[in-house]
Amino acid sequence: MEVTDEANRLALVDVAGVRRTVNVGLLDAEGQGVGPGDWVLIHVGFALSKVDEAEAAATLALLQGMGQDFEQELHELRASVIE
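Not measured: the values here are computed from a predicted model.

Rules and cut-offs
- Residues numbered from 1 in each chain as written.
- Predicted model: local features only at pLDDT ≥ 70, side-chain atom pairs only at ≥ 80, totals over all residues.
- Heavy atoms only, no water.
- Helix = DSSP H or I, 4+ residues; strand = E, 2+ residues; numbered from the N terminus.
- Buried < 20%, exposed > 50% of the residue type's maximum accessible area, 1.4 Å probe, protein only.
- Pairing = 2+ DSSP bridges.
- Polar contact = N/O pair within 3.5 Å; in protein donor to acceptor, adjacent residues only side chain to side chain.
- Contact = heavy atoms within 4.5 Å.

(A) Up close: unusual backbone geometry. Phi is positive for Arg-9, which is not a glycine, with a value near 55°. Note on placement: Arg-9 falls in the loop between β1 (2–5) and β2 (10–15). You will see that Val-44, though not glycine, has its phi angle at about 40°, which is positive. When you line up the elements, Val-44 lands in the loop between β4 (39–43) and β5 (46–51). Note on Val-44: relative accessible area 68%, which makes it exposed.

(B) Spatial organisation of the pairing of β1. In the sheet, β1 pairs with β2 via 3 bridges, with the strands oriented antiparallel. Counted as the bridge partner of Asp-5 is Leu-10 from β2. The hairpin formed by β1 and β2 contains 4 residues between the paired strands, and Arg-9 there has a positive phi angle of roughly 55°.

(C) Broad picture of the side chain of Arg-9. By relative accessible area, which is 14% here, Arg-9 ends up buried. A polar contact is formed between the side chain of Arg-9 and the side chain of Asp-28, at a distance of 2.5 Å. When neighbours within four sequence positions are excluded, Arg-9 is seen to be in contact with Val-3, Val-22, Asn-23, Val-24, Gly-25, Asp-28 and Val-34.

Printed below as a string of structure tokens:
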């Protein structure tokens with residue numbers, strides 16, 4: 001959504017309606033960079049790669065197909081407090 005701390009390469013992202021701050025510095029190292037409107041693959045607070053919108057939509061559809069397991073993950077993500 002937006003880079004919130006340029007010096008530390010932190011960005012505010014939306015993960016299925018849950019907003020979190022993640023580090024996007026690894027994408028700089030790959031020469032990809034990232035900005036508002038980009039789609040990224042996130043793991044444990046780090047953006048690991050940039051993906052196109054079609055790949056992001058396909059991945060989200062796959063996760064949503066998991067049903068209750070996906071909903072439980074979202075519930076836990078919403079309940080967590082990560083600054």
